Amino acid sequence: MKKYLNKFFSSIVLLIFVLFVSFTLVSCNDNKTNDSKYTIEDLESLVFEDTTFVYDGAKHGITIENIPEGIEVIDIDAFYNDANIINEVVFPSTLKKISDGAFSKTKIKKFNFSKCTSLVEIGHSAFENCNVYSSKITLPNSVKIISDYAFSNTKLNVVISENNEIEYIGESALYSSDITSIKLTRSLKHLGKAAFSGCSDLTSVTFDDDISLNEIPDECFKLTGIKLLNLPVSVQKIGNSSFANCSSLLALMYKDGSNIQVIGDSAFASNTKMKYFGEYLNVDFENHYYSTINIPSSVVQ
């Protein structure tokens, strides 16, 4: 009997020792996590390669409150089609690129760019079909590239400063988004087809006087809420359906010295309220009761 009791007590002691060692290791890991700058619920499910956030969080149910400082790139499809409802994502000051599809088809309620002062590029479809409701985001002035379909089919009210230095706005980049105004500045080198098409809340579009934009691309401002627009002197082509179905458009004006050579098919189709196309006039078009269409002498097609 004594022999069996000794074995029993030895087993108890061994079990206590194993539990103690396990508890010590867990505590060390917890302290390491708490000392870090990461505020992610499940660090063990994430992979960081240098300064790139590369793991597919959507497949692991990871909820992010703050993406860690030091991260420069959010990788392709990082949270694509994530079913989790996330209240807010706060981007770090170090972030330089949001890659293709990173937040496409997510249910994140708010994107916070307030710390994000180094962001340069927003990738193809980065926020496309993002299921948020009338959320307002203000892009930092550091952004230079808004790629194709970046904010397409979202309810995001994308606020872009008048002092922006954007060089590239891709095809359908803000298609059917809730953007309300945009200033296209002298830094812009490329404006894509249908870039703002379907933006019914877009009522104000302005250009820097010295912008070098040569073309208003096909369907660029189709189905928008623009009322008045002053084209820059640099524009030589107004693309097909570029201002079609703009039900609020009253006047489209160009400046003296304009060199418009091509007006595309259906460029102003179905604009039932349009009253004026010609050189700039400072008049109240709301109370302008007659229509005037002045085709520039430079037009060849």
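Coordinates for the structure precede this section.
These numbers were taken from a predicted model, which means no experiment stands behind them. (Residues numbered from 1 in each chain as written. Predicted model: local features only at pLDDT ≥ 70, side-chain atom pairs only at ≥ 80, totals over all residues. Heavy atoms only, no water.)

Time to look at the pattern of salt bridges. A complete count under the given rule lists 7 salt bridges for this structure. The partner of R186 in a salt bridge is D208, and the shortest N-O contact between them spans 3.6 Å. Here R186 is found in the loop between β14 (181-184) and β15 (190-191), whereas its partner D208 is found in the loop between β16 (204-207) and β17 (215-216), with 22 residues between them in sequence. Taking the relative accessible area as the measure of exposure, R186 reaches 51% and is therefore exposed. (Salt bridge = Lys/Arg side-chain N within 4 Å of Asp/Glu carboxyl O. Helix = DSSP H or I, 4+ residues; strand = E, 2+ residues; numbered from the N terminus. Buried < 20%, exposed > 50% of the residue type's maximum accessible area, 1.4 Å probe, protein only.)

For the rest of this paragraph, the subject is the nonpolar core. F91, F103, F111, F127, F151, F196 and F243 are the most contacted members of the largest nonpolar core, which totals 67 residues. Only β14, β16, β18 (228-231) and β20 (251-254) provide two or more residues apiece to this core. Not counting residues up to four positions away in its chain, the partners in contact with F243 are I216, F221, L229, L231, I238, L249, L252, A267, F268 and N271. (Core = buried A, V, L, I, M, F, W, Y, C linked by side-chain atoms within 4.5 Å. Contact = heavy atoms within 4.5 Å.)

In a beta sheet, neighbouring strands are held together by backbone hydrogen bonds and run either parallel or antiparallel to one another. Spatially, 3 strands are ordered β17-β19-β21 in an open sheet, and the strand pairing comes out parallel. The sheet is open, and its two edges are formed by β17 and β21 (262-263), each paired on a single side. (Pairing = 2+ DSSP bridges.)

Attention shifts here to the sheet that holds β20. Taken in spatial order, the 4 strands of this open sheet run β18-β20-β22-β23, and their pairing is parallel. Lying at the two open borders of the sheet, with one neighbouring strand each, are β18 and β23 (292-293). Note: β20 against strand β22 (residues 276-279), 4 bridges, orientation parallel. Counterpart to A251 in the pairing with β22 is Y276.

Even without a glycine there, the phi angle at K105 is positive, about 60°. Position of K105 among the secondary structure elements: in the loop between β7 (97-98) and β8 (111-112). By relative accessible area, which is 32% here, K105 ends up partly exposed. Non-glycine residue S172 carries a positive phi angle of around 55°. With respect to the helices and strands, the residue S172 is situated in the loop between β13 (168-169) and β14. By relative accessible area, which is 7% here, S172 ends up buried.

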